[in-house]
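Here is how the chains run, residue by residue.
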Amino acid sequence: MALTLPTQLASAPALTILIVDDGPENLAVLGELLRTTYRVRVANSGERALQIAVSEPRPDLILLDVMMPGMDGYAVLARLREDPATRDIPVIFVTAMDAAEDERRGLELGAVDYITKPVRPSIMLARVRTQLELKRARDLLRDQNAALEAEVAHRVAENLAQQEESNRAQAWLSHQKELILTSTGEGIYGTDTAGVINFINPAAAGMLGYAREELLGRSAHVTFHHTRPDGSPCPTEECPLQLSLRSGFVIQGEEELFWRKDGTPLPVEYSSMPIVEDGKLLGAVVTLFDISERKRYLEQLERKSNFDDLTGLPNRNLLADRLAHAIERGQREGDTLAVLTLNLDRFKSINDSLGRSAGDDVLREVAARLDRLVRKTDSLARIDGDEFVLVAEATELGVGNRLAQPILAALAQPFHVGTREFFLSGSIGIALFPKDGDNGETLVKNAVAAMYQAKAQGGDCFRFYAAEMNARSLDRLDMENGLRRALERGEFVLHYQPQLNLRNGEIIGAEALVRWQSPERGLVSPAEFIPLAEETGLIVPLGEWVLRTACAQNKAWQDAGLPPMTIAVNLSARQFAAQNIVELAGQVLQETRLDPSYLELELTESAVMADADAFIHATEKLKGLAITLTIDDFGTGFSSLSYLKRFAIDRLKIDQSFVRDITHDPNSAAIAVAIISLSHNLKLSALAEGVETEAQLNFLRARDCDEMQGFYFSKPLPAAEMEQLLRAGRKLEFPVHADLPARTLLMVDDEPAILSSLKRLFRREGYTLLTAGSGAEGLELLARQEVGVVISDARMPHMHGAEFLGKVREIHPDTVRIMLSGYTDLKAVTEAVNRGELFKFLTKPWHDEELLEVVRDAFRLYEGRGQRWWEGAEDHGRAPPRAPTA
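Predicted, not measured: the structure shown is a model, and the values here were computed from it.

Caption draft 1: Layout of the overall build of the chain. Along the backbone of the chain there are 34 helices and 32 strands. By the burial criterion, 49% of the 886 residues in the chain qualify as buried. Considering only residue pairs separated by 6 or more positions, the chain has 62% of its internal contacts joining residues 24 or more positions apart. With the model as given, the accessible surface of the chain reaches about 42,300 Å², and the carbon-plus-sulfur share is 51%.

Structure follows, in structure tokens:
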């Protein structure tokens with residue numbers, strides 16, 4: 001008859017766990033945690049648990065709550081132990097009762113473990129796994145012994161008359177027993193009552209680093225469990241395995257009780273089961289599971305749950321634990337505790353412009369600098385993104401000098417990522433125990449509120465918590481939530497502020513300005529929500545909506561017959577970094593069918609300088625679409641003039657902070673004049689924003705500023721009111737005494753169509769326009785009134801352009817002369833330039849912007865010279881205009 005071997009551990013079926021708890025949320029949490037590995041059954045009462053425990057599939061382990069209505073956990077365990085069918089099911093108590101007396105009572109009643117709520121997932125999984133493995137080991141040994149004993153009994157009964165056959169059966173039985181014990185992957189050894197090893201399988205010997213023959217006949221205690229886990233000697237009378245032999249009780253444990261031959265500790269999960277026959281103790285069987293890998297895994301889990309992977313600093317979990325202990329110590333000893341929250345200013349721009357990898361490098365460097373500042377008794381943690389928390393014993397007077405100021409100073413040192421160098425600052429909020437809170441959550445919350453106050457004041461500073469800050473923090477949170485919903489609810493509207501030509505007062509464009517019409521807050525100022533939108537990233541979808549809406553509105557005005565004008569839309573640094581602006585602008589223009597020449601994009605200096613090379617590349621592509629580009633708030637950032645000359649831009653906007661004070665602050669006036677001069681020298685126009693008084697207007701006009709916008713003419717208007725203003729043809733009226741010198745432009749061409757085109761081009765520039773169909777007619781007009789600039793065709797009947805301009809030079813030497821021709825007669829042009837007859841030569845068809853800028857330069861030259869322009873060039877060592885070359 002063949003003997004069927006017991007199922008091996010590796011082929012065991014899925015195990016079943018019964019969770020007993022009257023709380024649905026606890027059943028859900030534990031079930032979710034265990035369901036990926038085990039078959040899970042649940043019961044919400046003790047009575048239901050007893051029914052499930054005897055039904056199929058029967059549980060291999062029960063997680064049992066103590067505090068339940070009706071039958072509590074203690075009563076359930078007692079009933080389970082009374083029933084032979086459920087007596088051997090291991091039970092772990094999972095309860096919020098954490099008193100030592102409660103734990104002792106549960107273990108005395110027969111529970112194999114006791115876990116307090118709230119449970120820690122890694123610990124729960126480890127303890128469940130341990131108990132299930134112990135149960136399987138016990139079941140395996142029990143089944144092996146039962147199978148062997150049954151087979152022996154069968155053999156003995158079958159061959160009772162034949163002693164020789166019986167002896168063979170006993171030998172075969174011993175062989176099979178040896179085969180089973182030596183083939184299992186778990187370590188197993190047996191001892192006599194003195195603890196001397198009389199059997200050990202290869203797995204156990206291999207774990208301990210011995211050959212089997214070295215261990216047979218030796219004392220297990222003296223050989224490999226002679227020392228406690230802490231390294232101190234373990235007397236025989238205190239050894240758990242010796243206690244199992246003396247008492248006859250099964251003892252289980254998990255620790256570094258065993259030592260290898262080479263002296264290194266062996267972490268194991270062990271079980272010592274006494275062997276009793278006819279009431280007499282014969283020895284014990286010890287099973288071992290090597291749990292080295294499991295311990296390493298749990299240590300990794302423990303570190304991951306308590307430390308930040310990126311910086312190695314404690315994370316939010318460990319911070320909460322350390323802060324709680326610090327508060328307990330402070331309550332006991334009367335110490336003052338400081339909680340500092342640090343948030344890096346403008347850190348998002350690093351991620352946006354240099355990439356997340358560069359941002360991670362910066363965070364590691366910040367962590368290292370902070371770690372060098374703190375004492376061993378302080379706790380430094382990274383809790384989220386670019387936010388750090390420091391907990392330290394400090395007084396209100398000392399916390400600023402000892403902690404906050406050194407942190408700000410450390411951040412002020414330059415950071416390096418690759419070949420780039422840049423600077424950071426931080427905003428710090430400080431809350432003190434016990435003044436600002438008596439628990440960790442409150443202290444951190446209040447420190448965060450103080451940090452936001454520091455950030456609102458420009459950053460690079462620290463602020464102590466004050467009670468009213470929480471109200472501001474809550475308001476900020478409410479605003480952020482409202483802002484996230486506003487776009488989908490259609491709560492944003494655009495207002496339009498007119499932009500005007502300072503020569504003729506006509507409206508040349510409008511800036512689109514977003515407003516938030518909140519149902520709860522009313523009309524919210526951009527100063528309140530735009531910084532928040534920037535910080536949260538909502539500025540990207542909001543900016544796209546503004547661009548699309550403004551272009552559609554401008555196209556609608558043109559379709560309604562209103563004079564064409566440019567619409568200006570602001571782009572933030574965040575938008576420029578997060579989106580392909582060229583692609584977006586092209587897509588919006590195509591969708592709205594707006595001519596690109598009527599769209600202007602305004603970019604701040606921060607957007608420009610975040611990645612100047614990328615900006616140069618983008619502006620060249622935008623100019624290729626014929627979009628106008630402006631640097632907004634020029635002079636308030638950190639523009640590099642070496643880059644400025646490379647940007648494909650059209651206009652500089654003078655920030656209102658300079659305009660506001662130009663009439664009484666010499667510095668502001670000097671800066672405004674310098675920006676106007678810089679614009680003109682770079683062939684750009686200058687627009688002043690925030691013009692509110694007549695005095696400001698007169699100052700800017702007298703300094704040849706090209707354009708303006710501001711409350712002096714109009715506040716930003718809703719679309720309907722802006723349309724009314726355009727239909728009324730309203731323009732800026734200049735004070736009589738503030739008239740600028742008249743700019744008279746004479747255009748001479750024998751083709752009427754060309755003259756009509758030129759008149760349309762220059763009509764919005766504020767010039768007095770004169771036209772002549774021939775050189776002779778042009779000379780007549782020059783004789784009747786003063787002309788600053790003359791544009792002449794090169795080929796005309798009777799008197800060609802070079803001859804005409806030569807006569808103008810002789811008769812009206814101050815008039816600046818420009819030749820415009822569709823025929824490039826190099827010889828004639830060269831002679832005209834060499835004779836000093838020409839300021840510029842341009843070919844037909846001309847580029848509007850180029851021709852407009854050349855004429856502006858010509859008028860500035862006419863008005864600004866103290867002598868003839870070509871003679872002045874020679875007198876100052878500058879060469880007169882040179883003839884073009886082929």
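Next comes the rest of the write-up.
Caption draft 2: Quick look at the side chain of Thr 311. Relative to the helices and strands, Thr 311 is located in the loop between α11 (292-306) and α12 (316-333). Among the polar contacts listed, one links the side chain of Thr 311 to the side chain of Asp 308, at a separation of 2.6 Å. One polar contact links the side chain of Thr 311 to the main-chain amide nitrogen of Leu 313, over a distance of 3.3 Å. Residues contacting Thr 311, with those up to four places away along its chain left out, are Leu 363, Arg 364, Ala 367 and Arg 382.

Caption draft 3: Just the sheet that holds strand β1 (residues 16-20), in detail. With parallel pairing, the 5 strands of this open sheet are ordered in space as β2-β1-β3-β4-β5. A strand with exactly one partner marks an edge of an open sheet, and here the two such strands are β2 (39-43) and β5 (113-116). Between one strand axis and the next, the sheet turns by 20° as a mean value, whatever way the strands run. Strand direction decides the pairing type here: β1 and strand β3 (residues 61-64), joined by 4 bridges, are parallel. Paired with Ile 17 across the two strands is Leu 61, which belongs to β3. Contacting β3 and β4 (91-95), helix α3 (residues 73-82) crosses the sheet at an angle of about 175° to β4.

Caption draft 4: View of the pairing of β5. In the sheet, β4 pairs with β5 via 4 bridges, with the strands oriented parallel. Its bridge partner being in β5, Val 94 is matched across the sheet by Ile 115. This β-α-β element, β4 to helix α4 (residues 100-108) to β5, shows right-handed connectivity.

Caption draft 5: Just the confidence of the model for the chain, in detail. Confidence in the prediction of the chain, expressed as mean pLDDT, is 81, and 83% of residues score 70 or more. Contacts from residues 168-173, a stretch scored under 50 in pLDDT, to residues over four places away or in other chains number 7 contacts. Ignoring residues within four places in sequence, the model shows residues 866-886, a span with pLDDT below 50, making 33 contacts including any to other chains.

Caption draft 6: Expanded view of the layout of surface pockets. Its boundaries defined by the atoms lining it, the second largest pocket holds a volume of some 1,300 Å³. Lining the second largest pocket are 37 residues, with Thr 566, Ser 597, Glu 849, Leu 852 and Arg 856 positioned closest to its centre. Elements that contribute at least two residues to the lining of the second largest pocket include exactly α29 (752-762) and α33 (848-864). The element that contributes the greatest number of residues to the lining of the second largest pocket is α33, accounting for 6 residues. The residue makeup of the lining of the second largest pocket, split by class, is 14 nonpolar, 7 polar and 16 charged.

Caption draft 7: Structural context of the nonpolar core. Membership of the largest hydrophobic core comes to 78 residues, with the highest contact counts inside it found for Phe 529, Leu 599, Leu 601, Ile 654 and Leu 700. When residues of this core are assigned to their parent elements, the largest contribution, 8 residues, is made by helix α19 (residues 539-559).

Caption draft 8: Fine view of the packing of aromatic side chains. Here the structure, examined in full by the defined rule, presents 12 aromatic pairs. Each residue in the set Phe 492, Trp 516, Phe 529 and Trp 545 is aromatic and connected to the rest through ring pairs, giving one cluster. Positioned over the ring face of Phe 415 is Arg 369, at 3.8 Å from the centre of the ring. Geometry around Phe 839 places Lys 840 over its ring, the cationic atom sitting 5.8 Å from the centre.

Caption draft 9: Geometry of the sheet that holds strand β16 (residues 426-433). Pairing is mixed across the open sheet formed by 5 strands, whose spatial order is β12-β13-β11-β16-β17. A single partner strand is all that each edge strand has here, and the edge strands are β12 (379-384) and β17 (461-464). Sheet twist, expressed as the average angle between the axes of neighbouring strands with direction ignored, equals 20°. Both β12 and strand β13 (residues 387-393) contribute to a ladder of 5 bridges, which runs antiparallel. Paired with Arg 382 across the two strands is Phe 388, which belongs to β13. Across the sheet, α12 is in contact with β11 (337-344), β12, β13 and β16; its angle to β12 comes to roughly 140°.

Caption draft 10: Looking closely at the pattern of salt bridges. All told, the structure shown has 36 salt bridges when counted by the stated rule. Between Lys 653 and Glu 689 there is a salt bridge, with its nearest N and O atoms 3.3 Å apart. Of the two residues, Lys 653 is situated in strand β24 (residues 651-654) and Glu 689 in strand β25 (residues 685-689); the sequence distance between them amounts to 36 residues. Considered together, Lys 653 and Glu 689 belong to a single accessibility category, that of buried residues. Ionic pairing is found between Asp 704 and Arg 860, a salt bridge with its closest N-O pair at 3.3 Å.

Caption draft 11: Examining helix α1 (residues 24-34) more closely. Here α1 has its buried residues at Leu 27, Leu 30, Gly 31 and Leu 34. Here the buried residues of α1 occupy an arc of 100° about the axis, which is enough to place them on one side. Opposite the buried face of α1, by more than 90 degrees, sit the exposed residues Glu 25, Val 29 and Glu 32.

Caption draft 12: How the structure looks around unusual backbone geometry. Cis geometry is found at the peptide bond from Glu 56 to Pro 57, where omega equals -10°. Along the chain, Pro 57 turns up in the loop between α2 (46-53) and β3. That bond from Phe 433 to Pro 434 is cis: its omega, 5°, falls within 30 degrees of zero. Residues other than glycine seldom take positive phi values, yet Asp 704 does so here, at roughly 65°.

Caption draft 13: Examining the packing of α2 against α3 more closely. The N-to-C vectors of α2 and α3 enclose an angle of 25°; their axes lie 10 Å apart at closest approach. Judged by the inter-axis angle, α2 sits roughly parallel to α3. Judged by the sense of rotation from one axis to the other, the crossing of α2 with α3 is right-handed. On α3, the residues touching Gly 46, Leu 50 and Ala 53 of α2 are Val 76, Arg 79 and Leu 80. Grouping the amino acids of the contact of α2 with α3 by side-chain chemistry returns 4 nonpolar, 1 polar and 1 charged.

What counts and what doesn't
Residues numbered from 1 in each chain as written. Predicted model: local features only at pLDDT ≥ 70, side-chain atom pairs only at ≥ 80, totals over all residues. Heavy atoms only, no water. Helix = DSSP H or I, 4+ residues; strand = E, 2+ residues; numbered from the N terminus. Buried < 20%, exposed > 50% of the residue type's maximum accessible area, 1.4 Å probe, protein only. Contact = heavy atoms within 4.5 Å. Areas by Shrake-Rupley, 256 points an atom, 1.4 Å probe, with all protein chains shown as cover. Polar contact = N/O pair within 3.5 Å; in protein donor to acceptor, adjacent residues only side chain to side chain. Pairing = 2+ DSSP bridges. Axes fitted to C-alpha atoms, helices over the stretch in contact; angles between N-to-C directions. Right-handed = clockwise from strand over helix to strand, strands pointing away. pLDDT = per-residue confidence, 0-100. 1 Å grid on protein atoms, 1.4 Å probe; cavity = no way out; pocket = protein on both sides within 12 Å on 5 of 7 lines; lining within 4 Å. Points joined across faces, edges and corners; volume = space filled by probe spheres on them. Nonpolar A, V, L, I, M, F, W, Y, C, P; charged D, E, K, R; others polar. Core = buried A, V, L, I, M, F, W, Y, C linked by side-chain atoms within 4.5 Å. Phe/Tyr/Trp six-rings, centres within 6.5 Å; stacked < 30°, edge-to-face > 60°. Lys NZ or Arg CZ within 6 Å of the ring centre and 35° of its normal. Salt bridge = Lys/Arg side-chain N within 4 Å of Asp/Glu carboxyl O. Arc of directions from axis to C-beta. Parallel < 35°, antiparallel > 145°, perpendicular 65-115°, else oblique. Left-handed = near helix turned anticlockwise from the far one by under 90°.

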